[in-house]
Amino acid sequence: MKLKDKVAVITGAASGIGYEMARTFLAEGAKVAIADLGQHRADAAVEKLDPSGHNTIGVDMNVTDEKAVEKGMKTVVDKFGKIDILISNAGVQIVNPIDEFKFSDWQKLLSIHLDGAFLTTREALKYMYKQGTGGSVIYMGSVHSKLASPLKAPYVTAKHGLIGLCKAVAKEGAKHGVRANVICPGFVRTPLVDKQIPEQAKELGISEEKVVSDVMLKDTVDGEFTTTQDVAQTALFFASFPSNALTGQSVVVSHGWYMQ
Ligand code: NAD
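Reading the values: the criteria
- Residues numbered from 1 in each chain as written.
- Predicted model: local features only at pLDDT ≥ 70, side-chain atom pairs only at ≥ 80, totals over all residues.
- Heavy atoms only, no water.
- Phe/Tyr/Trp six-rings, centres within 6.5 Å; stacked < 30°, edge-to-face > 60°.
- Buried < 20%, exposed > 50% of the residue type's maximum accessible area, 1.4 Å probe, protein only.
- Lys NZ or Arg CZ within 6 Å of the ring centre and 35° of its normal.
- Near = heavy atom within 4 Å.
- Polar contact = N/O pair within 3.5 Å; in protein donor to acceptor, adjacent residues only side chain to side chain.
- Helix = DSSP H or I, 4+ residues; strand = E, 2+ residues; numbered from the N terminus.
- Nonpolar A, V, L, I, M, F, W, Y, C, P; charged D, E, K, R; others polar.
- Domains from an automatic or database assignment.

*Asks:* Outline the packing of aromatic side chains, supporting the account with residue identities and numerical values.
*Replies:* Summed over all chains, the structure comprises 3 aromatic pairs. When the centroid spacing of 6.0 Å and the interplanar angle of 45 degrees are considered together, the rings of F237 and F238 count as tilted. Classification of F237 by relative accessible area gives partly exposed; the value is 46%. A relative accessible area of 1% means that F238 is categorised as buried. Measuring from centroid to centroid gives 5.8 Å for F237 and F241, while their planes differ by 70 degrees, and the two rings are edge-to-face. Among the aromatic residues, those joined into a ring-pair cluster are F237, F238 and F241. Looking at K48, its charged tip hangs above the ring of Y19, at a distance of 5.0 Å from the centre.

This is how it looks when you write it as structure tokens:
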């Protein structure tokens, strides 16, 4: 068990990649807080992952709401006594060409990805610093932390921004034994991607099959989607890494799409 008695807060863990990371961390002995939009949504994931509720807690946390983040983190510490790992994973996608992008959609996307990462980091660091036992902060970036694709201006901007935040946290956190790293997945079949396929087909005027083969997987080495488990294993590697040697870094897990 690589995470025995560690406490992890995972945002956006009611679905997709976050859910799989929660499942994997529980199997490795961690206690996991499922932080997501609405108590009901978070509790439904707890019910599936850990019906006894001994090792898991559902937390109603809109990551863009300062008070909700403060309260949610306190709820986790009240239940499990500490926070060792934060995975800032909650995210959405909105696709549109820049000249047609609504300002409100731009603001919404940046807020969920960047304000959410900042607020959850700030609260988690307060506990990690006070505990004095170090910690691991993991951001869910994307291949779009490294390159751009059409129709995704705010997403690309936000995902690049997370790399900057990660480096700043790595610098400040080091003396407290807190590490920060970014995972940059390629396309993973989750509700976030399933929603985009018809939207991109419409915008680009091509079939949904072509969106998958010619847009999403075109530059992979083998035409395959990355899986939620691929990402969860990368998160486990970062979370269980024992020293400050691995900090301020970003790892691309994408079937070779974008080689650094
Ligand atoms: P998903 O839609 O399956 O899950 C996202 C979760 O985030 C949902 O449960 C949703 O309720 C939650 N969420 C949304 N807004 C929130 C908010 N304001 N506060 C709290 N929770 C909120 O999506 P996913 O594909 O699992 O995406 C997870 C992360 O991985 C995102 O940051 C996404 O950008 C990133 N990512 C996904 C892919 C992919 O191909 N699926 C690739 C690279 C990066």
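*Asks:* Which residues make up the site of the ligand, and what values do they have?
*Replies:* The environment of the ligand is formed by 29 residues, the closest being S15, D36, Y155, V188 and T190. A distance of 2.6 Å separates an oxygen atom of the ligand from a polar atom in the side chain of Y155. Separating an oxygen atom of the ligand from a side-chain N or O atom of K159 is a distance of 3.0 Å. For the shell around the ligand, the secondary-structure elements that each account for two or more residues are α1 (16–27), α4 (103–131), α5 (153–173) and α6 (191–204). Of the residues forming the shell around the ligand, the biggest block, 3 residues, is contributed by α6. Counted by class, the shell around the ligand contains 15 nonpolar, 11 polar and 3 charged residues. Two domains share the shell around the ligand, each providing at least three of its residues, namely domain 1 (7–187 + 227–253) and domain 2 (189–225).

Coordinates in, geometry out; function isn't part of it.
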